[in-house]
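Structure assessment
Spelled out, the chains give:
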Amino acid sequence: MAATSDDDVTFMRRAIALSRTHMAAGDGGPFGAVIVLDGAIVGEGWNQVTSTNDPTAHAEVVAIREACRRLGRFSLEGATLYTSCEPCPMCLSATYWARISRIHYGNTAADAAAIGFDDAFLYREVALPLTARSVPTTQLLGSEAKAVFHEWDAKPDKVPY
């Protein structure tokens with residue numbers, strides 16, 4: 001594990017400041033995030049779930065979207081995520097999909113659960129087989145859907161990710 005630098009502290013303080021400012025403004029819950037690449041902030045986000053009626057508008061996802069838009073690419077390889085709270089399962093997955101290389105967080109998942117943001121249920125659900133999950137999930141028109149996958153696989157100009 002690499003040592004924490006003064007820059008790490010500065011960027012984490014920015015994530016925490018975003019969480020406080022936008023929580024106080026009524027934008028959403030107390031969560032903020034920044035994405036840093038080559039020593040510069042390339043994306044910032046704060047929880048906007050209630051202000052935008054978007055359950056995916058968590059701070060980390062908002063920051064990832066902004067960073068990718070600003071950089072004009074879908075990979076944030078080499079970037080670091082600074083987030084005021086340990087990422088939820090959705091945000092952690094988005095972080096991996098974005099190829100972010102490092103995560104620093106402030107509050108823990110247990111700290112979030114203590115104020116009503118409990119992700120334990122989601123972690124348990126994801127680990128269950130499809131047939132045991134609380135939301136019924138069934139396969140429908142698999143062969144038709146698979147035909148599109150075959151087309152993608154054969155597409156000569158596809159952009160893999």
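Here's what I pulled together on the structure shown here.

Parameters at a glance
- Residues numbered from 1 in each chain as written.
- Predicted model: local features only at pLDDT ≥ 70, side-chain atom pairs only at ≥ 80, totals over all residues.
- Heavy atoms only, no water.
- Core = buried A, V, L, I, M, F, W, Y, C linked by side-chain atoms within 4.5 Å.
- Buried < 20%, exposed > 50% of the residue type's maximum accessible area, 1.4 Å probe, protein only.
- Helix = DSSP H or I, 4+ residues; strand = E, 2+ residues; numbered from the N terminus.
- Contact = heavy atoms within 4.5 Å.
- Pairing = 2+ DSSP bridges.
- Axes fitted to C-alpha atoms, helices over the stretch in contact; angles between N-to-C directions.

What follows covers the nonpolar core. Counting 17 residues, the largest nonpolar core has Ile-35, Ile-64, Leu-76 and Ile-100 as its most contacted members. The set of elements that each furnish at least two residues to this core consists of strand S1 (32-37), helix H3 (59-71) and strand S3 (80-85). When residues in this core are grouped by element, the largest group, five residues, is from H3. Non-local contacts of Ile-100, meaning those with residues more than four positions away in its chain, are made with Ile-35, Ile-64, Leu-76, Ala-79, Thr-80, Leu-81 and Thr-95. Counting seven residues, the second-largest nonpolar core is a separate cluster that includes Phe-11, Ala-15, Leu-18 and Val-36.

Turning next to the sheet that holds S1. Reading across the sheet, the four strands line up as S2-S1-S3-S4 and stay open at both edges, with mixed pairing between neighbours. Here the strands that pair on one side only, and so sit at the sheet edges, are strand S2 (40-46) and strand S4 (102-107). Pairs of neighbouring strands in the sheet enclose a mean axial angle of 15°, with direction left out of account. Strands S1, S2, S3 and S4 of the sheet are contacted by helix H1 (residues 6-24), whose axis makes an angle of about 145° with S1. Against the sheet, H3 touches S1, S2 and S3, its axis set at about 140° to S2.

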